[in-house]
Amino acid sequence: MAASLNLRTMVVEASSGGGKLHRIGALENVPGNWSTGPQLAEALAADLARLEKAGRCTVVQALASKVSGHEDRAELALGDGRVLTAEFIVVATGVTDLAPADAGWITASAEFSAPPLWRATPQDLTARTYVLGADRPLGTWLRAHPDVTTTLHVLCPPADAYKAAEVEADGRIRIVPISHAAITKPTYGGGWTVEVEGSDGTKTTYAATSVLNNLGNKPAAVAGLVSGDDGYCPPNKQHRRIRIAGDLRSARYQRITTAQGSGAEAVLAYYYDITLSHAGGIR
């Protein structure tokens, strides 16, 4: 959008373009007939390469560490010490994965680790697989692997109940409503011992062959942004030269289409609010 408005545009990317798209195994609510996240990521990378080749944008491979807004400029500090200056900055650093240690409803022994559900293949699912959390990647994973018949026992805290409703009709899912889970190594044998406490205080112990992480995300905000109590960065709380786009805005709108739309909206908002005002136009 910025390039189409003839704004000199620089894209700062720490890793491969597309971010979390590379881990999405199935798409069903994104226009364009894309069936997987990697397909869409490749298409976006090709678009970016085309714009760069045409001289309409510059791509910089670097880690963004801090943003700051000033009366006459915005600044972006990079991890290598460089500071870039622009008229405005769109921040779309998104979210990163929650770990079991981040979840207040989980206690676990020091040696416990849970690989992410999104990375699991059907072959990774063993006799009794438990999933920590009912975040939405669960539905994506089920759509990506329609032939899997293994039952996933999903430990679902109250905060995830509305998300679980999207998949609870799937016969491969067993939702286990809980208020707390304690995970330890069994005295003998492999796997994990999972003791769960229900909302009524009842405790039940399960033997899990494998445990997968599906806890959700936390904001990956850079320094200099104004964050809310939940760590997300409300767009209307930032300096006028700093615009927020994508998943970093809110936990509610973490969808590919809303992320793309918010990026375009952030650019257009600046274009109309600031750029045209220089010519006495709309402010």
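As a reminder, the structure under discussion sits directly above these lines.
Keep in mind that what you see is a predicted model, and the values were worked out from it rather than measured.

(A) Structural detail: the overall build of the protein. The number of helices and strands found in the protein is four helices and 17 strands. Taken over the C-alpha atoms alone, the protein extends approximately 70 × 40 × 35 Å along its principal axes. Scored against the burial criterion, the 283 residues of the protein give a buried share of 38%. The long-range share in the protein, meaning contacts at least 24 apart out of those at least 6 apart in sequence, stands at 55%. Here the protein has roughly 15,300 Å² of accessible surface; of this, 52% comes from carbon and sulfur atoms.

(B) Local environment of the sheet that holds strand 10 (residues 152-156). Spatially, 11-10-9-15 is the arrangement adopted by the four strands of the open sheet, whose pairing is parallel. In this open sheet, the two edge strands, each paired with only one partner strand, are strand 11 (173-177) and strand 15 (210-213). Within the sheet, the average angular offset between the axes of one strand and its neighbour, ignoring direction, is 25 degrees. Of the pairings in the sheet, the one linking strand 9 (residues 129-132) to strand 10 comprises four bridges and is parallel in character. Across the sheet, residue V131 finds its bridge partner in strand 10, namely V154. Packed onto the sheet, helix 2 (residues 137-144) meets strand 10 and strand 11 and runs at close to 170 degrees relative to strand 10.

(C) Spatial organisation of the side chain of R243. Locating R243 in the fold gives a position in strand 17 (residues 242-244). When residues no more than four places from it in sequence are discounted, the contact partners of R243 are F88, I89, V90, V91, A266, A269, Y270 and D273.

(D) Local environment of unusual backbone geometry. A positive phi is found at N6, a non-glycine position, where the angle reads about 60 degrees. Relative to the helices and strands, N6 resides in the segment before strand 1 (10-13). One non-glycine residue with positive phi stands out, namely N33, at about 65 degrees. Here N33 lies in the loop between strand 1 and helix 1 (37-53).

(E) View of the sheet that holds strand 14 (residues 203-208). On the basis of which strands lie adjacent, the open sheet formed by four strands has the order 8-12-13-14 and mixed pairing. What marks the edges here is a single partner per strand, and that holds for strand 8 (106-108) and strand 14. Averaged over all pairs of adjacent strands, the angle between their axes in this sheet comes to 20 degrees, without regard to strand direction. Of the strand pairs in this sheet, strand 8 and strand 12 (residues 180-184) are connected by three bridges, and their pairing is parallel. Considered in strand 12, the bridge of T107 is made with A182.

(F) A look at the nonpolar core. W105, L132, L155 and V211 are the most contacted members of the largest nonpolar core, which totals 19 residues. Elements represented by at least two residues in this core include exactly strand 9, strand 12, strand 13 (192-197) and strand 14. Looking at this core element by element, the count peaks at three residues for strand 13. When neighbours within four sequence positions are excluded, V211 is seen to be in contact with F112, A114, P115, Y130, L132, W192 and V194. Formed by 16 residues, the second largest nonpolar core is a distinct cluster that contains L117, V154, A164 and L212.

(G) Fine view of the pairing of strand 15. Of the two faces of strand 15, both are covered, the one formed by S210 and L212 as well as the one formed by V211 and N213. Bridge analysis of strand 9 against strand 15 gives four bridges, and the strand direction is parallel. When the sheet's bridge partners are listed, L132 is paired in strand 15 with N213.

(H) Representation of the environment of A223 in the model. Among the secondary structure elements, A223 is positioned in the loop between strand 16 (217-219) and strand 17. You can call A223 partly exposed: its relative accessible area is 40%. Here A223 is in contact with S65, K66 and V67, once residues within four sequence places are set aside.

(I) Spatial organisation of the pattern of salt bridges. For the structure shown, the criterion picks out twelve salt bridges. Two residues, D72 and R73, come together in a salt bridge whose shortest N-O distance is 3.0 Å. Since its relative accessible area comes to 26%, R73 is described here as partly exposed. D102 is paired through a salt bridge with K218; the nearest N and O atoms lie 3.3 Å apart. Of this pair, D102 sits in the loop between strand 7 (95-97) and strand 8 while K218 sits in strand 16, and the two are 116 residues apart along the sequence. On the accessibility criterion, D102 (40% relative accessible area) is partly exposed. In the salt-bridge network here, residues are joined through shared partners; they are D72, R73 and E75.

Thresholds applied
Residues numbered from 1 in each chain as written. Predicted model: local features only at pLDDT ≥ 70, side-chain atom pairs only at ≥ 80, totals over all residues. Heavy atoms only, no water. Helix = DSSP H or I, 4+ residues; strand = E, 2+ residues; numbered from the N terminus. Buried < 20%, exposed > 50% of the residue type's maximum accessible area, 1.4 Å probe, protein only. Contact = heavy atoms within 4.5 Å. Areas by Shrake-Rupley, 256 points an atom, 1.4 Å probe, with all protein chains shown as cover. Pairing = 2+ DSSP bridges. Axes fitted to C-alpha atoms, helices over the stretch in contact; angles between N-to-C directions. Core = buried A, V, L, I, M, F, W, Y, C linked by side-chain atoms within 4.5 Å. Salt bridge = Lys/Arg side-chain N within 4 Å of Asp/Glu carboxyl O.

Interpretation note: all reported values are geometric properties and have no functional meaning in isolation.
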